[in-house]
Amino acid sequence: MDHTTRARISLIAAHLAHSEHSQLQNEGVLERIDCRSKGGASGFKVAVLGASGGIGQPLSMLMKMNPLVSVLHLYDVVNTPGVTADISHMDTTAVVRGFVGKEQLEAALVGMDLVIIPAGIPRKPGMTRDDLFKINAGIVRTLCEGVAKCCPNAIVNIISNPVNSTVPIAAEVFKRGGVYNPKRLMGVTALDVVRANTFVAEVVGVDPKEIDVPVVGGHAGITILPLLSQVNPSFSFTKEEIEYLTNRIQNGGTEVVEAKAGTGSATLSMAFAAAKFADACLHGLRGDAGVVQCAFVASEVTELPFFASKVRLGRAGIEEVYPLGPLSAYERSGLEKLKKELLASIDKGISSVRQ
Ligand SMILES: NC(=O)C1=CN([C@@H]2O[C@H](COP(=O)(O)OP(=O)(O)OC[C@H]3O[C@@H](n4cnc5c(N)ncnc54)[C@H](O)[C@@H]3O)[C@@H](O)[C@H]2O)C=CC1
Ligand SMILES: O=C([O-])CC(=O)C(=O)O
């Protein structure tokens, strides 16, 4: 597609984002924009649910910048027309469409390859992630019912907390809808890895880009278990360094919640981590080799039904869940300690849908 055509498409898309006419009235033009913008080349359709929020907005911006995305659907219960109009002016390839309110959820989801869910309330100081369960469980359940109905083959990235419970909730919703594929459901724990890389890099004095720290278990407090014995490239840490790093990584979320003093939790670093993780999912879908990330997934790595560990991403979603590998005595003890809490959170999610 030449530059002139591309410019015309951007103009029409921006105009439609501002238009008072409904999505349906614009459907014909938008479909043509979709087809032409892809120019026959590959490109993925991605939806962000909760796109107007603290995570949703920067995440949507980063997904608009991703060259693997051809169509970007932004859904929320409020404010998506404004966010969509704003993001649609970015001169990158993806065509952006906004959807607002539950009556537009299905239209937002039809045909999506990847659905990213950062919808839900965040923590305030003094709260645990589990304190968000009551409200966020219902939000995730409703959104996943929409996914089951409209894009049952999409990869789903769950960001909404408590991840240790919302991922099992999503699995139960998909089972009820008869569409559950454990290879396509992932809890996003990428921020734990991003933090671990940053904090380890500070301690050893290297560029964080050079560091890869596996973080396993779950996504809350002691269930977050960094494997410092498996840092790549390998470093040997003192006992004090291991304790400091493990504690800081496990409490990174609380560090941000307290610094934000009641105005929310991590949004910018989360959007960065989620965009990195989504990009890995898209590279996997494209068929790239060797795409490995940590994620909270259905698992047989331990006796728990869900567990975060390294996974290999491919065309099917999760192609392989890697075993934990050799652990230090400190990590083995951390693993045993986290199991009770993680299992309770998993069971809470499952039973909330089954009852
Ligand atoms: N997995 C992780 O590592 C992390 C997870 N989180 C979690 O992400 C979630 C979102 O955090 P923020 O963006 O800071 O919150 P926020 O309150 O700024 O944004 C949440 C957005 O969700 C929307 N929303 C609420 N109900 C909805 C529904 N039924 N359908 C669609 N959208 C809906 C709201 O309108 C709002 O725009 C929280 O649960 C938070 O705890 C936050 C940081 C890291
Ligand atoms: O701490 C929170 O509530 C948000 C979160 O999951 C994180 O930043 O890791």
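In the annotation of an unreviewed UniProt entry, the entry for the protein chain reads malate dehydrogenase, and the organism field reads Picea sitchensis. UniProt annotates the protein chain under Catalytic activity (unreviewed entry) with the comment "(S)-malate + NAD(+) = oxaloacetate + NADH + H(+)". In its Subunit (unreviewed entry) section, the UniProt record describing the protein chain reads: "Homodimer."

This part covers helix α10 (residues 252-260). Inspection of α10 places Gly252, Gly253, Val256 and Val257 among the buried residues, and these make up the whole buried set. Down the axis of α10, the smallest arc covering the buried residues is 140°, so these residues share one side. Facing away from the buried side of α10 by over 90 degrees, the exposed positions are Glu255 and Ala259. Looking at the buried residues of α10, the elements they touch are α8 (190-204) and α9 (239-250). Positive backbone phi, approximately 50°, marks Ala261, located one or two places after α10.

A few words now on the pairing of strand β3 (residues 95-100). Looking along a regular strand, one sees the side chains alternate between the two faces of the sheet. Of all 6 residues in β3, 6 are buried, a share of seventy percent or more. Alternating positions in β3 separate into two faces, Val95, Arg97 and Phe99 on one and Val96, Gly98 and Val100 on the other, with burial throughout. Two elements, strand β2 (residues 69-76) and β3, share 6 bridges in a ladder whose sense is parallel. Bridge assignment links Asp76 to a residue of β3, and that residue is Val100.

Definitions and cut-offs
- Residues numbered from 1 in each chain as written.
- Chains lettered and ligands numbered in written order.
- Predicted model: local features only at pLDDT ≥ 70, side-chain atom pairs only at ≥ 80, totals over all residues.
- UniProt positions renumbered as here; feature names shortened; annotations may be inferred.
- Buried ≥ 20, exposed ≤ 12 C-beta atoms within 10 Å, placed from the backbone.
- Helix = DSSP H or I, 4+ residues; strand = E, 2+ residues; numbered from the N terminus.
- Arc of directions from axis to C-beta.
- Contact = placed C-beta atoms within 7 Å.
- Pairing = 2+ DSSP bridges.

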